Amino acid sequence: MRRRDAGVPAPLLVPALLGVAFLVLPLVGLVVRAPWGDLGPQLTRPGVGEALRLSLVSATLATVVSLLLGVPLAWVLARSRIRGRSLLRALVTVPLVLPPVVGGVALFLVLGRQGLVGRWLYETTGLSLPFTTAAVVVAETFVAMPFLVISVEGALRAADARFEDAAATLGADRWTTFRRVTLPLVAPGVAAGAVLCWARALGEFGATITFAGNFPGTTQTMPLAVYLALQRDPDAAIVLSLVLLAVSLATLLLLRGRWLGRGAGQGGVA
Amino acid sequence: MRRRFAAAAVAVLALAGCGSGDDGADDELSGTVTVFAAASLTDVFTDLGARLEDDHPGLAVRFNFAGSSALAAQLTQGAPADVYASADTDQMDVVTNDELVSRAPTLFATNTLEIAVPPGNPGGITDLADLADPARTIALCAAEVPCGAATEEVFDAAGLTAAPDTLEEDVRAALTKVQLGEVDAALVYRTDVQAAGDAVEGIEFPEAADAVNGYAICTLTAAPNPAGALAFVQLVTSEAGQDALAAAGFARP
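Residues numbered from 1 in each chain as written. Chains lettered and ligands numbered in written order. Predicted model: local features only at pLDDT ≥ 70, side-chain atom pairs only at ≥ 80, totals over all residues.

Peer 1: Just checking my understanding: could you explain the overall build of chain A for this structure?
Peer 2: Each helix and strand counted, chain A has 15 helices and 0 strands in total. If you line up chain A on its principal axes, its C-alpha atoms span 65 × 65 × 30 Å. Taken across its 270 residues, chain A has 38% of its residues classed as buried. Restricting to contacts in chain A with at least 6 residues of sequence separation, those with at least 24 account for 78%. (Helix = DSSP H or I, 4+ residues; strand = E, 2+ residues; numbered from the N terminus. Buried ≥ 20, exposed ≤ 12 C-beta atoms within 10 Å, placed from the backbone. Contact = placed C-beta atoms within 7 Å.)

Peer 1: Just checking my understanding: could you explain the interface of chain B and chain A for this structure?
Peer 2: Where the parts come together, the accessible area they lose is often given as the size of the interface. Each side of the interface is counted separately: chain B has 17 residues, and chain A has 17 residues. Broken down by secondary-structure element, the contributors of at least two residues to the side of chain B that touches chain A are helix H3 (68-76) and strand S7 (166-168) of chain B. Its residues assigned to classes, the side of chain B that touches chain A shows 7 nonpolar, 5 polar and 5 charged. (Nonpolar A, V, L, I, M, F, W, Y, C, P; charged D, E, K, R; others polar.)

Peer 1: What is the right way to look at the domain arrangement of chain B in this model?
Peer 2: All names here are of chain B. Per the domain assignment, the segments of chain B are domain 1 (3-14 + 29-110 + 214-247) and domain 2 (113-210). Inter-centroid distance (C-alpha atoms) of domain 1 to domain 2 is 26 Å. In this assembly, 13 residues from domain 1 lie in contact with 13 residues from domain 2. Elements with a contribution of two residues or more to the side of domain 1 that touches domain 2: helix H2 (42-55), H3 and helix H4 (89-97). Counted by class, the side of domain 1 that touches domain 2 contains 4 nonpolar, 6 polar and 3 charged residues. (Domains from an automatic or database assignment.)

Peer 1: Please clarify how the sheet that holds strand S5 (residues 113-117) of chain B should be interpreted in this entry.
Peer 2: Paired through their backbone hydrogen bonds, the strands of a sheet run either parallel or antiparallel. Residues and elements named next belong to chain B. Taken in spatial order, the 5 strands make up an open sheet running S7-S6-S8-S5-S9, and their pairing is mixed. Edge positions in the sheet fall to S7 and strand S9 (201-203), since each of these pairs with one other strand and no more. Neighbour-to-neighbour, the strand axes of this sheet turn through a mean angle of 35°, independent of strand direction. Pairing between strand S6 (residues 138-141) and strand S8 (residues 185-189): 2 bridges, direction parallel. Within S8, the residue paired with Ile 138 across the bridge is Ala 185. The sheet strands contacting helix H6 (residues 171-179) are S5, S6, S7 and S8, and the helix crosses S8 at an angle near 140°. (Pairing = 2+ DSSP bridges. Axes fitted to C-alpha atoms, helices over the stretch in contact; angles between N-to-C directions.)

Peer 1: Sorry, what's going on with the nonpolar core here?
Peer 2: Taken as a class, soluble globular proteins show a tendency for nonpolar side chains to be buried jointly. One finds Val83(B), Tyr84(B), Ala116(B), Ala186(B), Val188(B) and Phe232(B) to be the most contacted residues of the largest nonpolar core, which totals 102 residues. Counting residues per element, this core draws most heavily on helix H14 (residues 234-260) of chain A, at 8 residues. Sequence-distant contacts of Tyr84(B), defined by excluding residues within four places in its chain, comprise Phe36(B), Leu71(B), Leu75(B), Val95(B), Cys218(B) and Leu220(B). If you look at the next biggest cluster of nonpolar residues, it comprises 42 residues, including Val71(A), Leu107(A), Val137(A) and Ala201(A). (Core = buried A, V, L, I, M, F, W, Y, C linked by C-beta atoms within 7 Å.)

Peer 1: Any chance you could explain helix H4 (residues 48-79) of chain A here in plain terms?
Peer 2: Helix length check: H4(A), at 32 residues, gives a terminal C-alpha distance of 45 Å against a target of 46 Å (1.5 Å per residue), a fit within 8%. Approximately 30° is the largest bend angle found in H4(A), and it occurs at Leu67(A). (Expected span 1.5 Å × (residues − 1). Bend = angle between axes of the 7 residues up to and from the residue.)

Peer 1: Can you help me understand the environment of Pro41(A) in this one?
Peer 2: Within the element layout of this structure, Pro41(A) appears in helix H3 (residues 39-43). Counting along the chain gives 40 residues from Pro41(A) to Arg81(A), while the straight-line C-alpha distance between them is 59 Å.

Peer 1: Would you take a moment to explain the confidence of the model for chain B for this structure?
Peer 2: Caution is warranted with low-pLDDT regions, since their predicted coordinates should not be read in detail. Residues and elements named next belong to chain B. Considering every residue of chain B, the mean pLDDT works out to 87; 89% of them sit at 70 or more. Every residue in residues 1-26 scores below 50 in pLDDT, and together they form 28 contacts with partners more than four places removed in sequence or on other chains. Among the prediction metrics, the complex's ipTM stands at 0.78, with pTM recorded as 0.81. (pLDDT = per-residue confidence, 0-100.)

Peer 1: Just checking my understanding: could you explain the sheet that holds strand S3 (residues 83-86) of chain B for this structure?
Peer 2: Residue and element names in this part refer to chain B. Ordered in space as S2-S1-S3-S10-S4, the 5 strands form an open sheet in which the pairing is mixed. With partners counted over all chains shown, the strands left at the sheet margins are strand S2 (59-66) and strand S4 (106-111), one partner each. Adjacent strand axes in the sheet meet at a mean angle of 20°, parallel and antiparallel pairs treated alike. The sheet contact formed by S4 and strand S10 (residues 213-219) spans 5 bridges and is antiparallel. Bridge assignment links Thr 110 to a residue of S10, and that residue is Gly 214.

Here is the structure:
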């Protein structure tokens, strides 16, 4: 491995280094500009812990929902022979190109208490989704699930289908094959997709502030807290950003070590 | 409140001094004027911009409408703009304190809060006390933006504790939640209620008089188009501009 690193050709090395600088320098900026002397009081301000906890809980729930719905969806896209598959794939990846604020408005129009489905829910049960923590999870899931679907679909396509064929030959039905053969085969891809999905959900802003609103303790996640802090006290915003950055980096590094291992590189994001 | 009126008095004095600078109005104006303006000015400023473009065919007026505090933050971070118009003097102070203003700000309008409810008033809102009712779904402006600061003042004056379900990042975002029918009420400016037409109903309340927002406008030191900037400010403070503001529901300073 080491021998290959030494021989990175200049046409790849130079842009790669520029890429690293471009992605990392803004983070350096945050660290340099941070009011380090003022860190203690800033961190213990009311609401910081609350926003962080809400962010972590809602991003994790959004990832769980995305796994439950997204893995089967990825399988349908990669393995089934239903007609209109490419159209279906284009449709489910729309949230990737949709501005998140538009996603938030669209969620209102369907799940709001005047929305297509939400109105019925509100009139029959009195329940209304917007401005609740559940709405945060819904908004984050809407924006983040396509990342998981694309990752898992890529892993499924890259996986060797002959193992599944062999399982079928030995009498396993498709559900058993999926559980016992396919899923273990693409597990690294699923894990990589879940991490990507979680990270996207953690940083979600536009759909959340539109559909779930902004209220401390209920719907104010870290990105919303950062945005509002920026308007009154940029130092507080920088501290909040650093906290979010540190927590997400720590989580990603930890997960990478424990779950993804070396297989993630092969079966991961295609 | 006292600080607001003090600032208002200063600004009115500044208005007198404003015209005495170099008068670029006779020159043929061209290029682009970029105006950063409070969200509540969206409709009336868009009209005034179109009027200025009609008077000066070579001139294009571009707007960035957002919460005054978001705009002030963008300006202090070096956003290129010619004119800044804020919905309260506190946010104008942020910009003047950073010495970004090329001439003293002018107070050009005032605004008060009003309750906005969806058509038919499904939440049965009658006065400010209903916005302190946790059972209802209420949108208020976040304390960081001018309408939120005014909101805190009216609730303080009324001795009520607000019961919002969401704290919106600017006044138009709060209005949108009413227009979509997703909240029972929001506290917005009376001009927003007027601009929304039939999409919302307005309910006036006496405590609104306790928080009068002063709107200030200024040209910026870093203005790429100083002549155009001055022309826009002069239009806003002119009789025609004041009439347009009055028609939109703003009061004179």
